[in-house]
Amino acid sequence: AQKITQTQPGMFVQEKEAVTLDCTYDTSDPSYGLFWYKQPSSGEMIFLIYQGSYDQQNATEGRYSLNFQKARKSANLVISASQLGDSAMYFCAMIPTGTASKLTFGTGTRLQVTL
Amino acid sequence: DAMVIQNPRYQVTQFGKPVTLSCSQTLNHNVMYWYQQKSSQAPKLLFHYYDKDFNNEADTPDNFQSRRPNTSFCFLDIRSPGLGDAAMYLCATSRARGLAGKQETQYFGPGTRLLVL
């Protein structure tokens, strides 16, 4: 079974600063995918970034980058130049590759961007 | 833009009165999912369709049913809503399942907030 741990229930960051949201995972599967989603107060889950376990480079998508450390089983999300619109709940999730397992979510981190 | 659409965005129903939530997609994805999300919790998978194959989660109550009449549409039927069924219901799609990596990325709709009176 897979497990995702997000140890930061809430985070504050000042506008224009960078912030790192922590995610560690536990799985015995050799191949898996890691995802980050953003959920604003409106409720929609917005896909941000994907990292495959065998990808050689850390994933980047605009202001989002994933600090993937496979040996430590961590997949932290880095948001650069925070904006007020980044205030939301952020979920880390994973799914083993090549199986019919379901997407396992962490408990989420609520990010508040301040002026 | 290709997307996942959910209607209605807000649904109010009475205790015990059947309700149907709808989801449509223009992504032409093979897999469609229904999640239930309660306040301050992660989404919980109820079931999914891989094409026409229905896959129910073991702990999904019998009160919840689903239909997928074609590739684009999927419905969530709650036969007799209870107060505990009040939640956000999220529909998601993915191109593949059980294959390789990024094709399993799930794209979510805006959700339907269900209130049971």
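Residues numbered from 1 in each chain as written. Chains lettered and ligands numbered in written order. Predicted model: local features only at pLDDT ≥ 70, side-chain atom pairs only at ≥ 80, totals over all residues. Heavy atoms only, no water.

Undergrad: Is there a simple way to think about the overall build of chain B in this case?
TA: Secondary structure summary: chain B contains 0 helices and 11 strands in total. Listing each helix as α and each strand as β along chain B from the N terminus yields β-β-β-β-β-β-β-β-β-β-β. For a compact globule of 117 residues, the expected C-alpha radius of gyration is about 13 Å, and chain B comes in at 14 Å, within 12% of that figure. Taking the principal axes of the C-alpha coordinates as reference, chain B spans close to 40 × 30 × 30 Å. Counting the 117 residues in chain B, one finds 50% classified as buried. Here the contacts in chain B between residues at least 6 apart in sequence split such that 57% fall between residues at least 24 apart. Counting only carbon and sulfur atoms, one obtains 50% of the accessible surface of chain B, whose full area is about 5700 Å². Of the side chains in chain B, 12 bear a positive and 9 a negative charge, and the two mean positions are spaced by 6 Å. (Helix = DSSP H or I, 4+ residues; strand = E, 2+ residues; numbered from the N terminus. Rg over C-alpha atoms; globule rule 2.2 N^0.38 Å. Buried < 20%, exposed > 50% of the residue type's maximum accessible area, 1.4 Å probe, protein only. Contact = heavy atoms within 4.5 Å. Areas by Shrake-Rupley, 256 points an atom, 1.4 Å probe, with all protein chains shown as cover. Lys, Arg positive; Asp, Glu negative; His and termini not counted. Charge placed at Lys NZ, Arg CZ, Asp CG, Glu CD.)

Undergrad: Help me understand the interface of chain B and chain A in this model?
TA: It is common to give the size of an interface as the accessible area that goes away when the parts come together. Contacts between chain B and chain A engage 24 residues on the former and 23 residues on the latter. Both faces considered, chain B and chain A share a buried interface measuring about 1800 Å² in area, 55% of it formed by carbon and sulfur atoms. When the area that chain B buries against chain A is broken down by residue, the three leading residues are Arg 97, Lys 102 and Phe 108 of chain B, summing to 24%. If you look at where chain B meets chain A, you find 1 salt bridge. A salt bridge links Lys 102 of chain A to Glu 57 of chain B; the nearest nitrogen and oxygen atoms lie 3.1 Å apart. Counting residues per element, the ones that place at least two in the side of chain B that touches chain A are β4 (31-37), β9 (87-94) and β10 (107-108) of chain B. Looking at the side of chain B that touches chain A residue by residue, the classes come out as 11 nonpolar, 7 polar and 6 charged. (Buried area = accessible area lost by both parts, 1.4 Å probe. Salt bridge = Lys/Arg side-chain N within 4 Å of Asp/Glu carboxyl O. Nonpolar A, V, L, I, M, F, W, Y, C, P; charged D, E, K, R; others polar.)

Undergrad: For this particular structure, what's the right way to read the state of the cysteines?
TA: Between two cysteines, a covalent bond joining their sulfur atoms is known as a disulfide. Summed over the entire model, instances satisfying the criterion amount to 2 disulfides over all chains. The disulfide partner of Cys 23 of chain A is Cys 92 of chain A, and the gap between their sulfur atoms is 2.0 Å. Residues Cys 23 of chain A and Cys 92 of chain A are joined through a disulfide that is left-handed, its torsion about the S-S bond being -65 degrees. Taken together, the residues span a long stretch of sequence, with Cys 23 of chain A in the loop between β3 (19-21) and β4 (24-26) and Cys 92 of chain A in strand β10 (residues 88-96) at a distance of 69 residues. By the burial criterion, Cys 23 of chain A is buried, and Cys 92 of chain A matches it. Free cysteine Cys 74 of chain B: the closest other cysteine sulfur is in Cys 91 of chain B, separated by 6.0 Å. Here Cys 74 of chain B falls in the buried class, since its relative accessible area comes to 0%. (Disulfide = S-S within 2.5 Å.)

Undergrad: Help me understand a nonpolar patch on the surface, please; the structure alone is not making it clear to me.
TA: All names here are of chain B. Taken together, Val 12, Leu 115 and Leu 117 make up a surface patch of nonpolar side chains, about 290 Å² in accessible area. Tracing the sequence through the fold places Leu 115 in strand β11 (residues 112-116). Judged by its relative accessible area of 42%, Leu 115 falls in the partly exposed class. (Patch = residues over 30% accessible without salt bridge, like charges linked within 9 Å, V, L, I, M, F, W, Y side chains within 5 Å.)

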